[in-house]
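Structure at a glance
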Amino acid sequence: MKIEENLLTPNEWSRPQLKLLRVMGIVMHWTANPNATAVQNRNYFESRKNGTNGYGSAHYIIGTDGGIVQCVPESEVAYHCGSSQPDPESGRVYTDEARRRFGRYATAGSSPNHVTIGIELCPTDWAGNFTQATLGAAAELCADICTRHGLAPDDITTHHDVVGWKDCPLLWTRRPELLHEFRNTVRHAIEREDTGI
Ligand SMILES: [Zn+2]
């Protein structure tokens, strides 16, 4: 697994340099732009530093070729799953699942951004399909994060399952079984790491 470190310039909109309080989960996203590479998405986060594009970033972006770009250090907060809109199901800001996972960080006065690592996947089309290279690199990265931070594959969730109102990643929102499949791939990657195969 190769990670290209291309950190954002510290700024209040995409790299506020707030300390990540702890790592309680991994939140998966899609970039919603099949025409942009991982580096181009990174540069979009970078462009927010002028304050003209609002808040938003992630720790990692994975391209269609499986290349991983790191934008924000894991010790810092990235702005990837904060919300001020109610989840349509519970009528509250953040889902019941988010409250179960992140407790008081999944409340309107706080944010799961303080306790999660965000990973963006680049899709090949507007339907949100991913290449095997992207999914393979994502599984390896998640396995590594799980091992280093004492997480299990079930601690991997999606932007949709945290906020309720956003179809992100689009394909996994429409087909939740793909998230289950992904967690299984991560589980196998962790087992491979453990046995050194
Ligand atoms: Zn998202």
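These notes cover the structure that comes with them. It should be emphasised that the depicted structure is a prediction, and the values quoted were computed from it without experimental measurement. (Residues numbered from 1 in each chain as written. Predicted model: local features only at pLDDT ≥ 70, side-chain atom pairs only at ≥ 80, totals over all residues.)

Moving on, we get to the overall build of the protein. Along its length, the protein carries six helices and six strands. Mapped in sequence order, the helices and strands of the protein form the string β-β-α-β-β-α-β-α-β-α-α-α. Compactness check: the protein gives a C-alpha radius of gyration of 16 Å against a globular reference of 16 Å for 197 residues, within 12% of the reference. Here the C-alpha coordinates of the protein stretch approximately 45 × 35 × 35 Å along the principal axes. When burial is assessed residue by residue, the protein has 44% of its 197 residues classed as buried. Of the contacts made within the protein by residues no fewer than 6 positions apart, 72% connect residues no fewer than 24 positions apart. (Helix = DSSP H or I, 4+ residues; strand = E, 2+ residues; numbered from the N terminus. Rg over C-alpha atoms; globule rule 2.2 N^0.38 Å. Buried ≥ 20, exposed ≤ 12 C-beta atoms within 10 Å, placed from the backbone. Contact = placed C-beta atoms within 7 Å.)

Pairing is mixed across the open sheet formed by six strands, whose spatial order is β1-β4-β3-β5-β2-β6. Across the chains shown, the open sheet's two edge strands, defined by having one partner strand only, are β1 (3–5) and β6 (156–158). The mean inter-strand angle of the sheet, taken between neighbouring strand axes irrespective of direction, is 25°. Two strands pair when backbone bridges link them, and β1 and strand β4 (residues 68–70) are joined in this way by three bridges, in the parallel orientation. Counterpart to Glu-5 in the pairing with β4 is Gln-70. Across the face of the sheet, helix α3 (residues 132–149) comes into contact with β2 (25–30), β3 (60–62), β4, β5 (116–121) and β6 while running at roughly 170° to β5. (Pairing = 2+ DSSP bridges. Axes fitted to C-alpha atoms, helices over the stretch in contact; angles between N-to-C directions.)

Turning our eyes to something else, we now look at the nonpolar core. With 48 residues, the main nonpolar core has Ile-26, Ile-62, Ile-119, Cys-142 and Val-186 as its most contacted residues. Of the residues forming this core, the biggest block, eight residues, is contributed by α3. Dropping the residues within four chain positions of it, Val-186 is found in contact with Ala-139, Cys-142, Ala-143, Cys-146, Pro-153 and Ile-156. (Core = buried A, V, L, I, M, F, W, Y, C linked by C-beta atoms within 7 Å.)

Let's shift gears to the pairing of β5. In terms of residue burial, β5 counts as a mostly covered element, since six of its six residues are buried. What you see with β5 is no split at all: Thr-116, Gly-118 and Glu-120 on one side and Ile-117, Ile-119 and Leu-121 on the other are buried throughout. Here six bridges tie β2 to β5, and the two strands are oriented parallel to one another. Looking across to β5, one finds that His-29 is bridged to Glu-120. As defined by bridge partners, β3 adjoins β5 across three bridges and the pair is classed as parallel. Opposite Ile-61, over in β5, you have Glu-120 as the bridge partner.

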